[in-house]
Amino acid sequence: MSIATERANRRRRSGGARSNSPGGRTPATPSGGPAVLGFCRRHWRPVSLVGIGVVWLGLWATLKGVDTLELGGADKTDFQLWLNSVRDAFDSARTNSFVFQHIVQPVTDGINGLVTFLQGIFSQASDGRPVPEIGWLGVVALLAWLALAFAGVRSMLLVGVCVLLFGFFGYWAQSIDTLIVTFFAVGICTVAGLPLGIVMARSRRVSAAVSPLLDLMQTLPSFAYLAPLALVFGIGPAAAIVTTIIYSLPPLVRITEHGIRGVSPATLEAVASMGSTPWQALVKVQLPMARRTIVVGINQCTMAALSMATIAALINGPGLGTPALQSLDVGSAFVSGLAIVLMAIMLDRTTTRASERSGIEARMQRGSGVGQTGTFGGRQMRRTTIIASAVVAAVAIYLSHIYLALSKFPASPDLGTPLAKAVSAATDWTVGTFSGFTEWLKDTVTALLVDPLQSVLAQSPWWAMALALLGIAFVLAGRRAATVTIVCEAVILGSGLWSESMKTLATTLVAAFVVIIVAVCLGVWMGRSKPADSVIRPVLDAFQTIPSFVYLVPALALFGPTRFTAIAAAFAYGVPIATKLVADGVRGVSPVAVEAAESLGTTSWQMIAKVQLPMARAAVVLAANQGLLYVLSMVVVGGLVGGGGLGYLVVAGFSQSQLFGKGLAAGIAITALGVMLDRITQHATARFGSTR
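### Considering the overall build of the protein chain
And step 1. Assigned secondary structure in the protein chain consists of 29 helices and zero strands.
And step 2. Looking at the protein chain as a whole, 47% of its 692 residues qualify as buried.
And step 3. Expressed as a percentage of contacts within the protein chain between residues at least 6 apart in sequence, the contacts between residues at least 24 apart total 80%.

### A short note on the environment of alanine 684
And step 1. Among the secondary structure elements, alanine 684 is positioned in helix H29 (residues 660-690).
And step 2. Looking at alanine 684, the relative accessible area reads 7%, which means it is buried.
And step 3. Taking C-alpha positions, alanine 684 is 4.5 Å from alanine 477, a pair spaced 207 residues apart along the chain.

### Quick notes on the packing of aromatic side chains
How two aromatic rings sit relative to each other is set out by the distance from centre to centre and by the angle between their planes.
And step 1. Under the counting rule described, the total for this entry stands at nine aromatic pairs.
And step 2. Ring centres of tryptophan 429 and phenylalanine 434 lie 6.0 Å apart, and the angle between their planes is 85°; this geometry places the pair in the edge-to-face category.

### Examining the nonpolar core
And step 1. Core analysis: the largest hydrophobic core is formed by 157 residues, its most contacted members being Val163, Phe166, Trp172, Phe223, Met343, Met346 and Met634.
And step 2. Not counting chain neighbours up to four residues away, the residues in contact with methionine 343 comprise Phe166, Ser175, Thr178, Leu179, Leu306 and Leu320.
And step 3. Listed in part, the six residues of the second largest apolar core include Ile198, Leu282, Ala290 and Ile294.

### Remarks on the side chain of lysine 580
And step 1. Mapping lysine 580 onto the fold places it in helix H24 (residues 563-587).
And step 2. Residue classification places lysine 580 among the buried positions, given a relative accessible area of 14%.
And step 3. Excluding residues that lie within four positions of it along the chain, lysine 580 makes contacts with Arg537, Leu540, Asp541 and Gln544.

### A look at helix H6 (residues 136-151)
Because each turn of an α-helix spans 3.6 residues, side chains separated by three or four positions end up pointing in the same direction.
And step 1. Counted at 1.5 Å a residue, the expected span for H6 with its 16 residues is 22 Å, and the 22 Å between its end C-alpha atoms agrees.
And step 2. Taken together, the buried positions of H6 are occupied by Trp136, Gly138, Val139, Val140, Ala141, Leu143, Ala144, Ala147, Leu148, Ala149 and Ala151.
And step 3. In the segment just after H6, glycine 152 is the residue with positive phi, at about 110°.

### Looking at H24
And step 1. The terminal C-alpha atoms of H24, which comprises 25 residues, lie 36 Å apart, in line with the 36 Å expected from a rise of 1.5 Å per residue.
And step 2. For H24, the principal kink sits at valine 575 and spans about 35°; a proline, proline 576, occurs within the next four residues.
And step 3. The element H24 is largely enclosed, with a buried count of 19 among its 25 residues.

### Quick word on the side chain of asparagine 84
And step 1. Looking at the secondary structure, you find asparagine 84 in helix H4 (residues 78-96).
And step 2. In this structure asparagine 84 comes out as buried when scored by relative accessible area, which is 8%.
And step 3. Setting aside anything within four residues of it in sequence, one finds asparagine 84 in contact with Lys76, Ser657, Gln658, Phe660 and Gly661.

### A short note on the confidence of the model for the protein chain
Where the model shows low pLDDT, its predicted coordinates should not be examined in detail.
And step 1. Predicted confidence across the protein chain gives a mean pLDDT of 82, with 89% of residues reaching 70 or more.
And step 2. Long-range and interchain partners of residues 1-7, a stretch whose pLDDT sits below 50, account for three contacts in this model, where long-range means more than four residues apart.
And step 3. Counting interchain partners and residues more than four positions distant, the pLDDT-below-50 stretch residues 12-31 has ten contacts.

### Thoughts on unusual backbone geometry
And step 1. Residues serine 412 and proline 413 are joined by a peptide bond in cis, for which omega reads 5°.
And step 2. In this fold, proline 413 is placed in the loop between helix H17 (373-402) and helix H18 (416-459).
And step 3. Located in the positive-phi region is aspartate 67, a residue other than glycine, with phi close to 55°.
And step 4. On the secondary structure map, aspartate 67 appears in the loop between helix H3 (44-63) and H4.
And step 5. Phi is positive for asparagine 316, close to 70°, though the residue is something other than glycine.

### With respect to a nonpolar patch on the surface
And step 1. A surface patch of nonpolar side chains, amounting to about 520 Å² of accessible area, comprises Trp429, Phe434, Phe437 and Trp440.
And step 2. If you trace the backbone, phenylalanine 437 turns up in helix H18.

### What about the pattern of salt bridges?
Pairing between side chains of opposite charge can happen when the charged atoms of each approach one another.
And step 1. Applying the stated criterion across every chain yields a total of 13 salt bridges.
And step 2. A salt bridge links arginine 679 to aspartate 678; the shortest N-O distance between them is 2.3 Å.
And step 3. Among the residues examined, aspartate 678 registers a relative accessible area of 2% and is labelled buried.
And step 4. When salt bridges with common partners are traced through the structure, they connect Asp533, Arg537, Asp584 and Arg587 into a single cluster.

### Quick look at the packing of helix H19 (residues 462-477) against helix H20 (residues 479-495)
Packed helix pairs are specified by the crossing angle of their axes together with the interaxial distance, meaning the distance between the axes.
And step 1. Between H19 and H20, the least distance of the axes is 7 Å, while the angle of their chain directions is 155°. By the angle class used here, H19 and H20 are roughly antiparallel. For the element pair H19 and H20, the recorded crossing hand is right-handed. Contact residues: H19 offers Trp462, Met465, Ala466, Leu469, Leu470, Ala473, Phe474 and Ala477, while H20 offers Arg479, Ala481, Ala482, Thr485, Ile486, Glu489 and Leu493.

### Here's the deal with the state of the cysteines
And step 1. Enumeration according to the criterion identifies zero disulfides in this entry.
And step 2. For cysteine 189, which is in no disulfide, the shortest distance to another cysteine sulfur is to cysteine 301 and amounts to 4.0 Å.
And step 3. The class for cysteine 189 is buried, based on a relative accessible area of 1%.

### With respect to the environment of valine 550
And step 1. Looking at the element boundaries, valine 550 is found in the loop between helix H22 (530-545) and helix H23 (552-559).
And step 2. For valine 550, a relative accessible area of 12% translates into the label buried.
And step 3. Here the alpha-carbon distance between valine 550 and alanine 333, two residues 217 residues apart in the chain, equals 8.8 Å.
And step 4. Residues within four places of valine 550 in sequence aside, it is in contact with Gly337, Ile340 and Val341.

Definitions and limits used
Residues numbered from 1 in each chain as written. Predicted model: local features only at pLDDT ≥ 70, side-chain atom pairs only at ≥ 80, totals over all residues. Heavy atoms only, no water. Helix = DSSP H or I, 4+ residues; strand = E, 2+ residues; numbered from the N terminus. Buried < 20%, exposed > 50% of the residue type's maximum accessible area, 1.4 Å probe, protein only. Contact = heavy atoms within 4.5 Å. Phe/Tyr/Trp six-rings, centres within 6.5 Å; stacked < 30°, edge-to-face > 60°. Core = buried A, V, L, I, M, F, W, Y, C linked by side-chain atoms within 4.5 Å. Expected span 1.5 Å × (residues − 1). Bend = angle between axes of the 7 residues up to and from the residue. pLDDT = per-residue confidence, 0-100. Patch = residues over 30% accessible without salt bridge, like charges linked within 9 Å, V, L, I, M, F, W, Y side chains within 5 Å. Areas by Shrake-Rupley, 256 points an atom, 1.4 Å probe, with all protein chains shown as cover. Salt bridge = Lys/Arg side-chain N within 4 Å of Asp/Glu carboxyl O. Axes fitted to C-alpha atoms, helices over the stretch in contact; angles between N-to-C directions. Parallel < 35°, antiparallel > 145°, perpendicular 65-115°, else oblique. Left-handed = near helix turned anticlockwise from the far one by under 90°. Disulfide = S-S within 2.5 Å.

As structure tokens, this is what we get:
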């Protein structure tokens with residue numbers, strides 16, 4: 001083959017022959033020619049997104065307000081009316097249906113009866129007694145002893161102080177009721193979730209079958225559980241506990257599976273070579289080595305249960321959620337919310353410390369023999385301390401059962417009333433002093449971000465909006481995400497709440513945008529600076545510990561009942577998890593790459609923009625996924641404080657009987673919206689992470 005022929009073949013493979021002009025450059029053509037085509041091939045995603053945006057905005061500008069499927073506040077679709085009829089059918093079926101009479105009702109009565117029984121022991125007046133069977137002193141002693149036995153002296157002191165503060169704040173009975181619901185739900189989750197996680201870890205088929213259901217349970221915003229479960233189990237403790245169980249089970253199952261599967265294969269092979277059975281390998285190797293991870297799963301399950309138990313007050317669940325949600329006074333709502341925060345910190349720190357102690361004990365068992373004097377002496381001392389404290393707790397329980405003064409929590413000192421007054425006064429001062437700034441911030445964000453985006457999303461023809469979302473899902477996340485998007489859009493259309501769903505989506509996207517901007521800035525700073533991380537991370541941990549709707553109290557005081565209140569609360573709720581993911585991603589960038597870039601004389605800004613953020617791209621996209629889901633959950637809860645959208649309809653469905661079907665349809669739409677956003681961001685995470 002001649003040299004000329006080889007050159008011609010190369011030109012054909014590269015997309016065409018070069019011109020004979022000097023330098024071999026291709027003359028410019030009116031359309032841009034090969035250069036434009038090459039640019040589009042290299043940057044097809046941004047080009048496609050720009051094209052979708054241009055067409056979408058053009059249709060919005062041309063057909064604004066046409067085919068928006070907006071539904072009036074009192075109007076109901078045939079589907080929503082059918083849901084009302086389903087509710088009526090459920091109510092009538094409770095008296096003559098075999099399933100309700102022999103399955104659902106016994107379960108409901110059993111849960112309600114057990115909760116009432118536990119309340120009679122720990123928190124409420126029992127039969128024939130003006131006080132519970134175990135008074136406040138016995139409850140404090142019992143909880144402190146449990147903390148000592150499982151987590152150590154520091155946790156015992158923390159639990160004792162927090163439980164006493166519940167009473168001093170004036171919410172003793174409500175706080176203990178919340179603990180009852182939380183412990184009840186966590187106990188059932190542990191009994192059901194640990195075996196399920198173990199089976200999933202040992203069987204890929206079971207894991208593949210159960211994982212999609214766990215994904216759905218984790219994706220659904222908490223509000224979406226309330227209406228259908230209240231429809232089945234009625235209003236009361238049973239529905240609240242079942243809702244809490246469903247919401248808090250997935251993290252325990254997933255973390256248990258991860259812990260069991262994370263045991264070293266070499267260790268399992270060594271055990272198998274010694275002739276052990278699979279059951280022996282599980283009991284003597286996998287469970288002990290995964291014990292710390294499993295306790296972490298119980299920690300996450302407990303925090304999720306506490307968060308859901310408070311929100312379940314909307315369906316008449318007992319506990320602190322009722323005063324926190326129903327109080328119109330900022331001070332009183334703050335005090336009850338503070339009690340929830342203290343409870344969350346108490347449970348989080350105690351279970352975290354229990355996981356750390358569990359890991360230490362496991363390492364001691366593997367690495368040091370019982371025959372070592374120091375180890376044996378320490379264990380003996382700890383055992384003696386636990387037994388002695390158990391005797392003290394038993395005496396306190398007995399005394400609290402006998403004496404009224406030790407049974408009914410004392411009325412003084414009263415910390416709740418002065419604290420509520422101080423918070424109300426501080427709130428009035430803050431609102432009066434900074435009202436100009438808060439009004440400016442609220443009006444600016446609403447005018448520049450929320451209103452324009454809501455207009456584009458909710459005022460576009462529904463079919464144009466659906467096609468735009470489908471195109472964005474395909475470009476960013478691929479065919480699977482596009483398929484899920486089609487299904488979810490069909491569900492939203494079927495619910496009859498397309499316009500309200502787009503309004504909720506607009507609020508969610510604005511809040512998520514602000515969350516990601518702040519998370520990237522803080523996360524990069526934390527990832528590059530250990531002192532900054534040591535200062536900021538504890539604050540983020542504290543914010544992440546707070547149950548979701550507690551954020552509504554200060555946001556409502558500062559901004560009033562508006563959409564921006566939901567955005568402000570969602571921002572505070574979503575920033576911690578997103579920031580920590582970004583920080584961990586930046587810190588995980590290869591030190592070799594960082595040193596190589598530094599040797600080339602890069603500036604700090606170049607290091608961030610050209611090296612660390614690109615290499616941490618998967619973490620940033622994952623942060624966007626988690627931030628978006630957290631924001632959606634909080635925006636929906638924001639319906640309680642004037643956030644509007646689907647969240648308001650869910651609340652209205654509980655409070656107004658004729659709107660029950662509409663509220664249930666809103667819950668279905670929220671579910672579809674959450675699944676759609678989750679799948680788009682998850683597949684985008686996998687795609688961008690694989691092309692790092």
